[in-house]
Amino acid sequence: QVQLVESGGGLVQPGGSLRLSCAPTGINFGIYTLGWFRQATGKERELVGRIMPRGIVNYADPVKGRFTITRDNAKKTVYLQMNNLQPEDTAVYYCNANSLEGNYWGQGTQVTVSS
């Protein structure tokens with residue numbers, strides 16, 4: 001079965017940092033575009049960024065310059081490094097794996113930014 005399990009969420013103060021990880025199982029990791037999305041309470045799910053199989057990355061405007069997505073194809077893991085976190089970054093963060101072979105979502109991990 002395909003599973004995407006996120007880890008690394010938690011509570012952090014404004015200006016702090018967190019690193020999220022996602023380690024999909026049951027997919028051909030190397031051919032998938034891996035995305036991070038987030039959904040704040042009362043809002044629609046929105047794109048944070050995507051990393052393509054060969055490493056090209058796109059970011060949504062609100063996180064440009066603060067967040068970095070990387071992937072390790074050998075470890076079959078994708079990371080979201082979040083720096084200078086702000087209260088508006090508070091959301092459930094979801095990992096997504098997408099290719100012509102399928103589209104899969106993790107269950108999400110909570111990130112709360114509060115003083």
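Positions within a chain are numbered from 1, following the residues in the order the chain's sequence is written. Predicted model: local features are reported for residues with pLDDT of at least 70 only, side-chain atom pairs are reported and counted for 80 or more only, and whole-chain, interface and lining totals are derived from all residues. Think of the side-chain values as coming from all heavy atoms in the structure, minus any hydrogens and water.

K.L.:
Mind showing me how you'd approach the overall build of the protein chain here?
P.N.:
Along the protein chain, the regular secondary structure elements total zero helices and eleven strands. Helical segments are the DSSP runs of H or I of at least four residues, strand segments are the runs of E of at least two, and each set is numbered from the N terminus. Beginning at the N terminus, the succession of helices and strands in the protein chain can be written as β-β-β-β-β-β-β-β-β-β-β. The size measure is the radius of gyration over C-alpha atoms, and the globule rule it meets is 2.2 Å times the number of residues to the 0.38 power. By the compact-globule yardstick of 13 Å for 115 residues, the protein chain fits well, its C-alpha radius of gyration being 13 Å. Taking the principal axes of its C-alpha atoms as reference, the protein chain extends roughly 40 × 25 × 25 Å. Within the span of the protein chain, comprising 115 residues, buried residues form 40% of the whole. The buried label applies to any residue whose accessible area, calculated with a 1.4 Å probe on protein chains only, is under 20% of its type's maximum; exposed applies above 50%, and partly exposed to all values in between.

K.L.:
I keep staring at the side chain of asparagine 96 and nothing clicks. Help me out?
P.N.:
Within the secondary structure layout, asparagine 96 lies in strand 9 (residues 91-99). The class for asparagine 96 is buried, based on a relative accessible area of 4%. At 3.2 Å, the side chain of asparagine 96 forms a polar contact with the side chain of asparagine 103. A distance of 3.0 Å separates a polar side-chain atom of asparagine 96 from the backbone oxygen of tyrosine 104. Pairs of residues are marked as contacts when any of their non-hydrogen atoms sit within 4.5 Å. Not counting the four nearest positions on each side in its chain, asparagine 96 is found in contact with Leu4, Thr33, Leu34, Gly35, Phe37, Asn103, Tyr104 and Trp105. Identification of polar contacts relies on pairs of N or O atoms within 3.5 Å, with a donor-acceptor requirement for protein atoms, meaning one able to donate a hydrogen and the other able to accept it, and with residues adjacent in sequence counted only if both atoms are side-chain atoms.

K.L.:
Just to check I follow, could you spell out the packing of aromatic side chains for this structure?
P.N.:
How two aromatic rings sit relative to each other is given by the distance of their centres and the angle of their planes. Pairing of aromatic rings covers Phe, Tyr and Trp, the last counted by its six-membered ring, and requires centre-to-centre distances within 6.5 Å; plane angles under 30 degrees mean stacked, over 60 mean edge-to-face, and any other angle means tilted. This model, assessed by the stated rule, comprises two aromatic pairs. A ring pair is formed by tyrosine 32 and tyrosine 104, whose centres lie 6.3 Å apart and whose planes are at 40°; its orientation type is tilted. With tyrosine 32 in the loop between strand 3 (18-22) and strand 4 (33-39) and tyrosine 104 in strand 10 (residues 102-105), this residue pair connects regions lying 72 residues apart in the sequence. For tyrosine 32, a relative accessible area of 2% gives the class buried.

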